[in-house]
Amino acid sequence: MTASINLKLLTANEDPPELFSSGEPLLFTPMGLLLSSWLRGKIPDCAPPSPSAFLPLAAPTSSRLALTLNSSPVSPADGRSCWSSVHRSPHFLLSPCKQEATRSPTELSSDGTRAEVGVKSGLHVWELMWSPKHRGSHAVIGVSKQDCPLQDSGYKVLVGGDSESWGWELKTNQLWHGGQTSECYPGKKTRSCRSILKPQSSSSAKEAETPLLIPERVLLVLDADAGTLGFVVDGSFLGIAFKDLPSGVELFPAISSVRGGASIRLRYLNGTTRNPPALMALCGLSIRHYLDRRRQNQTEELPLPPFLRHYLFSCF
């Protein structure tokens, strides 16, 4: 006789249903039902996460990016975490590990540096640490080709100041490429609709928006396969800043500054190939997002083998 299985959706107050085969109760409950029941349990009270002005501006992420952002970072000693000792302005001094670049106090000079290692394919995420107190004007982060100019006289944008680079000016929030500024990032339309910013002067013919204060930590997201560049701030992906980046060309994280004493740290976090994510990884990501950090102290109670518990919550 063909086995008949009767399943029903669980609610928060229901126990996992019993399964019957040929009219007799089975002696076990499938792992999926036990996990589903546990996940639908009440989440204990806890303090809400700190509000961020960037949360309403967050853009949807692809599964590749979501998995990369939720993966454990590679070793800090990875070579992709180093600034180039060759491709930099002489006014930028590097730390012994080459992960920190500090601009010497120099007047009437714009200076930049780029990473030692670039990428031609894949999706990659770098962390940039740059204190807002030590940025001044023309503080730019972005990517460049091999031969982007990294020193010039006067005070100007270098990364994004020519056709060889693409940059985000942190003080004004403007995007630069080819020596021209194209738009505000995150997009002006999105920011106006969210009422995040206020006009600087009511007497202006065209109301200007007050730039957002970009915190110290910014993640640079380069998808060399799709030809896009974006940024993550306060855990929110702010969407694509630049698209149609050149294909098959080596691109490097790069910065430029005019502020004496400005210190910028670089760290490569993780990356992935253009291949579709594994189903197991997507399932794990979905469960982790559902649980959030509010229940990480309850993971030992999950009705799962220790190996699966470790896999699901190794990123917490």
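Residues numbered from 1 in each chain as written. Predicted model: local features only at pLDDT ≥ 70, side-chain atom pairs only at ≥ 80, totals over all residues. Heavy atoms only, no water.

In the annotation of an unreviewed UniProt entry, the chain is listed under the name SPRY domain-containing SOCS box protein 1 and assigned to Austrofundulus limnaeus. Of the comments in the UniProt record for the chain, the one headed Pathway (unreviewed entry) reads "Protein modification; protein ubiquitination." Under the UniProt heading Sequence similarities (unreviewed entry), the entry covering the chain gives this text: "Belongs to the SPSB family." (UniProt positions renumbered as here; feature names shortened; annotations may be inferred.)

A. The pairing of strand β7 (residues 123-130), seen in detail. Across the eight residues that make up β7, a large majority, seven, are buried. In this structure, β7 lies alongside strand β13 (residues 217-223), joined through seven bridges in antiparallel fashion. Bridging across to β13, glutamate 127 finds its partner in leucine 219. Here β7 runs beside strand β17 (residues 263-272); their pairing, made up of eight bridges, is antiparallel. The residue bridging tryptophan 126 from the neighbouring strand is tyrosine 268, located in β17. (Buried < 20%, exposed > 50% of the residue type's maximum accessible area, 1.4 Å probe, protein only. Helix = DSSP H or I, 4+ residues; strand = E, 2+ residues; numbered from the N terminus. Pairing = 2+ DSSP bridges.)

B. The arrangement of the environment of glycine 239 in detail. Here glycine 239 shows up in strand β15 (residues 236-242). For the pair glycine 239 and tyrosine 185, spaced 54 residues apart in sequence, the C-alpha to C-alpha distance is 8.8 Å. Aside from chain neighbours lying at most four places away, what touches glycine 239 is Ala59, Tyr185, Leu229, Gly230 and Phe231. (Contact = heavy atoms within 4.5 Å.)

C. Quick look at unusual backbone geometry. In this chain, tyrosine 185 is followed by proline 186 through a cis amide linkage whose omega measures 0°. Mapping proline 186 onto the fold places it in the loop between β12 (180-184) and α3 (188-193). The phi dihedral of histidine 138 is positive, around 55°, even though this residue is not glycine. Structurally, the position occupied by histidine 138 is in the loop between β7 and β8 (140-144). Phi at aspartate 234 is positive, roughly 55°, even though this residue is not glycine. With respect to the secondary-structure elements, aspartate 234 resides in the loop between β14 (228-233) and β15. Judged by its relative accessible area of 47%, aspartate 234 is partly exposed.

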